[in-house]
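Secondary and tertiary structure notes
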Amino acid sequence: MKKLNIHKQLTLMLFLSVLSISLVYADAFSEGEKFFKENKPEQAIPFFEQALLMENVSHNVYNFLGLSYYQIGKYQQSLDVFLNGTTKDGTNKRILYYNAGNTAFAMGNYSIADQYFSIAFAADSNFSSALLNRANTKMKLDQLQNASDDYTQYLIIEPNSPQRTEIERMIALIAGELKVREEQKLA
């Protein structure tokens, strides 16, 4: 009879141990999110890393962890987390690719940034931020006509954009530069 009680006690202890570990991981995401919202990315990162070890973690952990790494300048880790998140079911791939694009842009990887912004925009043709960032990336790549096309499309999607005047000025500058380049070719 005592062996049965010991067995029950051990089973109960094991169950409580597993439960407490699960609660720690479940709380890890909440703690990380709290620090993230307080703009304390360095404190948030260990909690988000811990939360990734959980089976039923919030899908937002990839975005929050990637953004936390981005905020402290660890761009490669940021990019890796965003891209890892795109391989998981249920994550917001549109946002993860958009943030991967921003990270690649910050790293000076403009052709990669262009690809990620294109994927984000393809996922939602009204995702004007991805389109605007892709236009800016195309400027860095000296793909002026493509940049102009993206800026123009952005203004169609966002006709009341507070950046409208600057974007229209950029489109006009691009048109002038393309004209100069065409004249130089002909000369």
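Definitions and cut-offs
Residues numbered from 1 in each chain as written. Predicted model: local features only at pLDDT ≥ 70, side-chain atom pairs only at ≥ 80, totals over all residues. Heavy atoms only, no water. Helix = DSSP H or I, 4+ residues; strand = E, 2+ residues; numbered from the N terminus. Buried < 20%, exposed > 50% of the residue type's maximum accessible area, 1.4 Å probe, protein only. Contact = heavy atoms within 4.5 Å. Areas by Shrake-Rupley, 256 points an atom, 1.4 Å probe, with all protein chains shown as cover. pLDDT = per-residue confidence, 0-100. Phe/Tyr/Trp six-rings, centres within 6.5 Å; stacked < 30°, edge-to-face > 60°. Lys NZ or Arg CZ within 6 Å of the ring centre and 35° of its normal. Axes fitted to C-alpha atoms, helices over the stretch in contact; angles between N-to-C directions. Parallel < 35°, antiparallel > 145°, perpendicular 65-115°, else oblique. Left-handed = near helix turned anticlockwise from the far one by under 90°. Nonpolar A, V, L, I, M, F, W, Y, C, P; charged D, E, K, R; others polar.

Focus on the overall build of the protein
Along its length, the protein carries nine helices and zero strands. Going from N to C terminus, the protein has its helices and strands arranged as α-α-α-α-α-α-α-α-α. With 187 residues in all, the protein has 33% of them scored as buried. Contacts in the protein between residues far apart in sequence, at least 24 positions, make up 44% of those at least 6 positions apart. A total of about 11400 Å² of accessible surface is found on the protein, and carbon and sulfur atoms cover 54% of it.

Focus: unusual backbone geometry
Even without a glycine there, the phi angle at N39 is positive, about 60 degrees. Following the sequence through the fold, N39 ends up in the loop between α1 (2–37) and α2 (41–51). Take N39: its relative accessible area is 55%, and that puts it in the exposed class. Here D142, not a glycine, exhibits a phi torsion of approximately 60 degrees, which is positive.

Quick notes on the side chain of S68
Within the fold, S68 resides in helix α3 (residues 61–71). Judged by its relative accessible area of 0%, S68 is buried. Setting aside residues no more than four positions away along its own chain, S68 makes contact with F36, P41, A44, I45 and F48.

What to know about the confidence of the model for the protein
With 86% of its residues at a pLDDT of at least 70, the protein reaches an overall mean of 89. Across residues 14–25, confidence stays below pLDDT 50; counting only partners more than four residues off in sequence or on other chains, it has six contacts.

Here's the deal with the packing of aromatic side chains
Tallied over the full model, the rule gives 11 aromatic pairs. Aromatic pair F36 and F64: ring centres 4.8 Å apart, planes at 45 degrees, arrangement tilted. Here the residue F36 occupies a position in helix α1, and F64 occupies one in helix α3, the gap between them amounting to 28 residues. F64 shares its class with F36; the two are buried. Between Y98 and F117, the ring centres sit 5.9 Å apart and the planes meet at 55 degrees, which makes this aromatic pair tilted. Residue Y98 is found in helix α5 (residues 93–106), and its partner F117 is found in helix α6 (residues 110–123); the two are separated by 19 residues along the sequence. You'll find Y98 and F117 in the same group, each marked buried. Sitting over the ring of F35, K34 keeps its end group 4.8 Å from the ring centre. The side chain of R94 reaches across the aromatic face of F127, ending 4.1 Å from its centre.

Notes on the environment of A122
Here A122 shows up in helix α6. On a C-alpha basis, the gap between A122 and R94 in space is 8.5 Å, while along the polypeptide they are 28 residues apart.

Looking at the environment of I95
Structurally, I95 can be placed in helix α5. Judged by relative accessible area, which is 21%, I95 ranks as partly exposed.

Some details on the packing of α3 against helix α4 (residues 75–86)
Angle between the axes and distance between the axes: these two values describe a pair of packed helices. Between α3 and α4, the least distance of the axes is 7 Å, while the angle of their chain directions is 165 degrees. Relative to α4, the element α3 is oriented roughly antiparallel. Considering how the two elements wind past one another, α3 and α4 form a crossing that is left-handed. Together, Y62, N63, L65, G66, L67, Y69 and Y70 of α3 and Y75, Q77, S78, V81, F82, N84 and G85 of α4 make up the contact between the two elements. Looking at side-chain class alone, the contact of α3 with α4 contains eight nonpolar, six polar and no charged residues.

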